[in-house]
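# A structural walkthrough
The chain contents come next:
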Amino acid sequence: MVSGFDRYFQIAKCFRDEDLRADRQPEFTQIDCEMSFVQQDDVIELFEGMAKYLFKELRGVELTEPFQRMPWADAMKYYGSDKPDLRFGMEIRDVTDLAAECSFSVFRRVADEGGKVRALNCKGCAEKFTRTTIETLTDHALGYGAKGMAWILIHDSGEVNSILQKYFTKAQWQALL
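Residues numbered from 1 in each chain as written. Predicted model: local features only at pLDDT ≥ 70, side-chain atom pairs only at ≥ 80, totals over all residues. Heavy atoms only, no water.

## A short note on the environment of Ala-146
If you trace the backbone, Ala-146 turns up in the loop between helix H5 (131-143) and strand E5 (153-154). Classification of Ala-146 by relative accessible area gives partly exposed; the value is 30%. Considering only alpha carbons, one finds Ala-146 and Lys-83, 63 residues apart in sequence, at a separation of 20 Å. (Helix = DSSP H or I, 4+ residues; strand = E, 2+ residues; numbered from the N terminus. Buried < 20%, exposed > 50% of the residue type's maximum accessible area, 1.4 Å probe, protein only.)

The following block contains the structure:
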């Protein structure tokens, strides 16, 4: 900046001085950029342009569409992570209002106490999820602060397997599905 350049890139080798996690390597290379007098969109557009250029020049792949952007709040709301995996389309949905209207006392109590009832559609997994798998997923959810997990299996044949169905009117059930 002092030399009169309003921006520069550097490719830097980095070493983490923190505890390792499953999704982090102890050593990595990053592209660092310093820019003066810019807004967030300026930085994003510059890096998007650079990524498109590198893909074209180094891999022969032309990327023409703008990169998908997602606000942090939406990533957390719909995926529960600030680095969501969008390949599977498994968005978390808030069904608190619907759950508050049903006759399942657990759902009603959660809604009355200001809690949330959230749903995750694992489309195509009904035939794969055994009772053991569901119990493992329940334990996993409890580890993230959930109070419990209810489930609905809709088999390829259309048969529904869930204790929840009896707590919803037909209209509520259709809205939930």
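## Description of H5
Helix length check: H5, at 13 residues, gives a terminal C-alpha distance of 19 Å against a target of 18 Å (1.5 Å per residue), a fit within 8%. At its buried positions, H5 is contacted by E5. Of the residues flanking the end of H5, it is Gly-145, one or two places downstream, whose phi is positive at about 100°. (Expected span 1.5 Å × (residues − 1). Contact = heavy atoms within 4.5 Å.)

## Some details on the nonpolar core
Among the nonpolar cores identified, the biggest contains 10 residues, and these are Val-95, Leu-98, Ala-99, Cys-102, Phe-104, Phe-107, Val-117, Leu-164, Phe-168 and Trp-173. Setting aside anything within four residues of it in sequence, one finds Val-117 in contact with Arg-93, Asp-94, Val-95, Thr-96, Ala-99, Phe-107 and Val-110. (Core = buried A, V, L, I, M, F, W, Y, C linked by side-chain atoms within 4.5 Å.)

## What to know about the side chain of Ser-162
Tracing the backbone through its elements, the reader meets Ser-162 in the loop between strand E6 (160-161) and helix H6 (170-176). At a separation of 2.8 Å, a polar atom in the side chain of Ser-162 contacts the main-chain carbonyl oxygen of Trp-151. For Ser-162, the side chain forms a polar contact with the main-chain nitrogen of Leu-164, separated by 3.0 Å. Discounting residues that sit within four places of it in the chain, Ser-162 has contacts with Trp-151, Ile-152 and Trp-173. (Polar contact = N/O pair within 3.5 Å; in protein donor to acceptor, adjacent residues only side chain to side chain.)

## What to know about the layout of surface pockets
Within this model, the largest pocket holds a volume of roughly 2,300 Å³. Looking at the lining of the largest pocket, the elements with two or more residues in it are strand E3 (92-94), helix H4 (105-112), strand E4 (118-120), H5 and E5. If one sorts the elements of the lining of the largest pocket by residue count, H5 sits on top with 4 residues. Looking at the lining of the largest pocket residue by residue, the class counts come to 33 nonpolar, 8 polar and 8 charged. (1 Å grid on protein atoms, 1.4 Å probe; cavity = no way out; pocket = protein on both sides within 12 Å on 5 of 7 lines; lining within 4 Å. Points joined across faces, edges and corners; volume = space filled by probe spheres on them. Nonpolar A, V, L, I, M, F, W, Y, C, P; charged D, E, K, R; others polar.)

## A look at unusual backbone geometry
Note on backbone geometry: most residues besides glycine have negative phi, and most peptide bonds are trans. Not every positive phi belongs to a glycine, and Phe-37 is a case in point at roughly 55°. Following the sequence through the fold, Phe-37 ends up in the loop between strand E2 (27-35) and helix H1 (40-59). With a relative accessible area of 87%, Phe-37 lands in the exposed category.

## Considerations on the packing of aromatic side chains
We describe a pair of aromatic rings using the distance from one ring centre to the other and the angle between the two ring planes. Using the criterion set out here, one finds 4 aromatic pairs in the structure. Ring geometry for Phe-9 against Phe-47: centres 5.9 Å apart, planes inclined by 75°, an arrangement best described as edge-to-face. Taken together, the residues Phe-9 in strand E1 (residues 7-15) and Phe-47 in helix H1 connect sequence positions 38 residues apart. Accessibility expressed as a relative area gives 39% for Phe-9, which makes it partly exposed. When the ring of Phe-104 is compared with that of Tyr-167, the centres are 4.7 Å apart and the planes differ by 45°; the resulting orientation is tilted. Taken together, the residues span a long stretch of sequence, with Phe-104 in the loop between helix H3 (96-101) and H4 and Tyr-167 in the loop between E6 and H6 at a distance of 63 residues. A relative accessible area of 15% places Phe-104 in the buried class. (Phe/Tyr/Trp six-rings, centres within 6.5 Å; stacked < 30°, edge-to-face > 60°.)

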